[in-house]
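# Analysis of the macromolecular model
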Amino acid sequence: MNNLFYSRDGTPFFSLGGQVHNSSSYSEETMRRAWKAAEALGLNTVAAPVFWNLLEPEEGVYDYSQVHMLLQQAEAHGMHLILLWFGSWKNGASQYIPVWMRTQKERFRWVQTIQHFETRVLSPHCEENRQADARAFSRLLAYLKSHDTKGIVIGVQIENEPGQIGTPRDYSDIGERAYKSRVPKAVMDWLQEPGPCAQAGRAGGSKVREIWLKHGGRTQGDWEEVFGFHAAEICTAYAFAVYINSVSAAGKREFGIPAYVNVWLGEMYNRVAGIDYPSGGAASRVLDLWKRFTPDIDAICPDIYYNDYLMYGNICEKYAGPDNPLYIPESGATAMNAVNTFRGIVEFGLCGIHCFGIDSLTDREGNLKPGVQEYANMVRIVRAAAPLIQKYQGTGRLYAVTQYEGSAFDYIDFGDFVGRVVCTNPLDDPYAEDTRPYLDAAHTEDEHYHVRGKGLIVYEGNGSFYLAGEGFRLNLIRKDTIEGMTTGVRTSNFQNLRHQEYLEVAEGHFEADMKFVTDRLRTGDECDHGLWVHSDIGVVHALLEEGMK
């Protein structure tokens, strides 16, 4: 398991969290609804912004009351915190910088468009900007080191979807000098390294290097001469990467807590840098460059609001890799995102996921709004299965159940068993049949069936299965000989399910050291329709006779 966050004892921590709305962390009162929502969703982490304009209201004068409030509230609610540093940039603009910076425009420089319109974006080429941000961020982390003695904060996000909206590059005098200067030697040396440059995720390949080669592979020149059409974005990305890495390095000298950068994806609309997404951020086109020049940043993390199968997989494949843990800081609390989470865990090594705007996911009484329940169910399932994820992620023994439109079935070859996953919601599958079998007396309502099939299956071998999820059941056929598999008892689904060689089927939970504790044994009718799951029963363990041979 490729992790980003860890508990105080050093064990990997799967962060199931939610981010509050941008202005919710201003006060204790505005955070109350967020904490209630986090509890209703079953989260273990809350991500909340810390604002530069509150932390440093006067230059060199620091006020830690906002941070103190968040630490106190998180401890009171028994949750972890991730602090989001709203410093130089938030969503491609500079909305949270102190007033004293805004009023010194000759000292703290701003990005300009080609028409020399001054945007509301701090220039990444300005050294005064960088130094001021680094000083403030280092003071924040120094405060955390001395005051967060219980390890409540598990990580920090540096900036928020950094980059610049409104222009692909900075056309101010300092921006022009940077763009028309020679590409730094460090960049040229990287491009000319033997073999592939730093690969961008599992998809492989260096996009910046591909652009360079396509433009002629020059070994010197200014940014446009070397990179051509994409020069503006690449030059800007280098400036942002070096700036933000410097901020992170300053903070880590005070406190070596995990630090990451989140990304406004470049796969948006017409995919024009500076218009459809912030130019200079770690979009997939420049991800390889970002990874090379941010050694003091622990992960570059995509904010994924896409629900469709192809785009979700495409983004995960680009950002997940052995050198970059896949953590999704922002997403939607949707049923499809709940399904995709299990795919992310198994296929891409997902080590944490947060949904955005948790304080608007409940009504005034604190109840989850319609459409959110399946996401909350996912959280419950992953929390129950966390020990299994920690042990089996990446081993080939962990399988995802993910139901998409038009499919009510799946097939899994476990080696010595064949598994048929049958979902309880047909989702317009024309071949769906017997999708609503008896489960048990406590699970007979529509809410137990009308959910998307999703969850995890672990096969340890020797007939030992673990399942966690909802909306599906697993039917097994022993894969011994072709004669055995084609006997009448096994070819009849009705007969096969009633002749499963179970030694034991148990519902339960995990305690320390992967110890499985049985809460209830299943027999009779509760076993005669396959191994079924629901989000409120924890983990199901089935042991078949093979496990005794």
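Residues numbered from 1 in each chain as written. Predicted model: local features only at pLDDT ≥ 70, side-chain atom pairs only at ≥ 80, totals over all residues. Heavy atoms only, no water.

This part takes up the side chain of T362. Looking at the element boundaries, T362 is found in the loop between β10 (352–356) and α14 (373–392). The class of T362 is buried, set by a relative accessible area of 1%. When sequence neighbours within four positions are dropped, the list of residues in contact with T362 reads R33, A37, A40, N367, L368 and K369. (Helix = DSSP H or I, 4+ residues; strand = E, 2+ residues; numbered from the N terminus. Buried < 20%, exposed > 50% of the residue type's maximum accessible area, 1.4 Å probe, protein only. Contact = heavy atoms within 4.5 Å.)

Attention now moves to the packing of aromatic side chains. Using the criterion set out here, one finds 28 aromatic pairs in the structure. With a centroid separation of 5.2 Å and 85° between ring planes, the pair formed by Y260 and Y327 is classed as edge-to-face. Of this pair, Y260 sits in strand β7 (residues 259–263) while Y327 sits in strand β9 (residues 327–328); the two residues are 67 residues apart in sequence, bridging distant segments of the chain. Each member of the pair, Y260 as well as Y327, carries the same accessibility label: buried. With a centroid separation of 5.6 Å and an interplanar angle of 80°, the aromatic rings of F417 and F465 are classed as edge-to-face. Taken as a pair, F417 in strand β13 (residues 417–423) and F465 in strand β15 (residues 464–470) lie far apart in primary sequence, 48 residues in all. Note on F417: relative accessible area 1%, which makes it buried. Through a chain of ring-to-ring contacts, three or more aromatic side chains come together here, namely W190, W223, F227, Y238 and F293. The ring of W532 is capped by R522, whose NZ or CZ atom sits 3.7 Å from the centre of that ring. (Phe/Tyr/Trp six-rings, centres within 6.5 Å; stacked < 30°, edge-to-face > 60°. Lys NZ or Arg CZ within 6 Å of the ring centre and 35° of its normal.)

Moving on, we come to the nonpolar core. Counting 122 residues, the largest nonpolar core has W223, F227, W290 and I358 as its most contacted members. Here the element with the most residues in this core is helix α10 (residues 231–254); it accounts for eleven residues. Apart from residues no more than four positions distant in its own chain, W290 is found in contact with A237, F240, A241, I244, V261, G280, G281, A282, I297 and I300. (Core = buried A, V, L, I, M, F, W, Y, C linked by side-chain atoms within 4.5 Å.)

Take the pairing of strand β14 (residues 454–461) next. Burial analysis of β14 places seven of its eight residues in the buried class, the great majority of the element. Alignment of strand β11 (residues 398–402) against β14, held across five bridges, turns out to be antiparallel. Bridge pairing in β14 links A400 to L456. The pairing of β14 with β15 spans seven bridges and is classified as antiparallel. (Pairing = 2+ DSSP bridges.)

Across the sheet, which stays open at both edges, the four strands sit in the order β12-β13-β16-β19 with antiparallel pairing between neighbours. Both edges of this open sheet fall to β12 (409–413) and β19 (531–532), since each of them pairs with a single strand only. As judged from the seven bridges shared by β13 and strand β16 (residues 472–478), these two strands associate in the antiparallel manner. Residue C423 lies in a different strand from β16, and its bridge partner there is F472.

Here the focus is the pattern of salt bridges. Inspection of the entire model under this criterion finds 27 salt bridges. The salt bridge partner of R292 is E193, with a shortest N-O separation of 2.4 Å. Remark: E193 occurs in the loop between α7 (185–191) and α8 (207–214) and R292 occurs in helix α11 (residues 287–292); sequence separation between them is 99 residues. Looking at R292, the relative accessible area reads 34%, which means it is partly exposed. With a relative accessible area of 24%, E193 lands in the partly exposed category. D440 serves as the salt-bridge partner of R520, at 2.9 Å between the closest nitrogen and oxygen. Of the two residues, R520 is situated in strand β18 (residues 515–521) and D440 in the loop between β13 and β14; the sequence distance between them amounts to 80 residues. Since its relative accessible area comes to 34%, R520 is described here as partly exposed. Here the salt bridges share partners, and the residues they tie into one network are E59, R107, E128 and R135. (Salt bridge = Lys/Arg side-chain N within 4 Å of Asp/Glu carboxyl O.)

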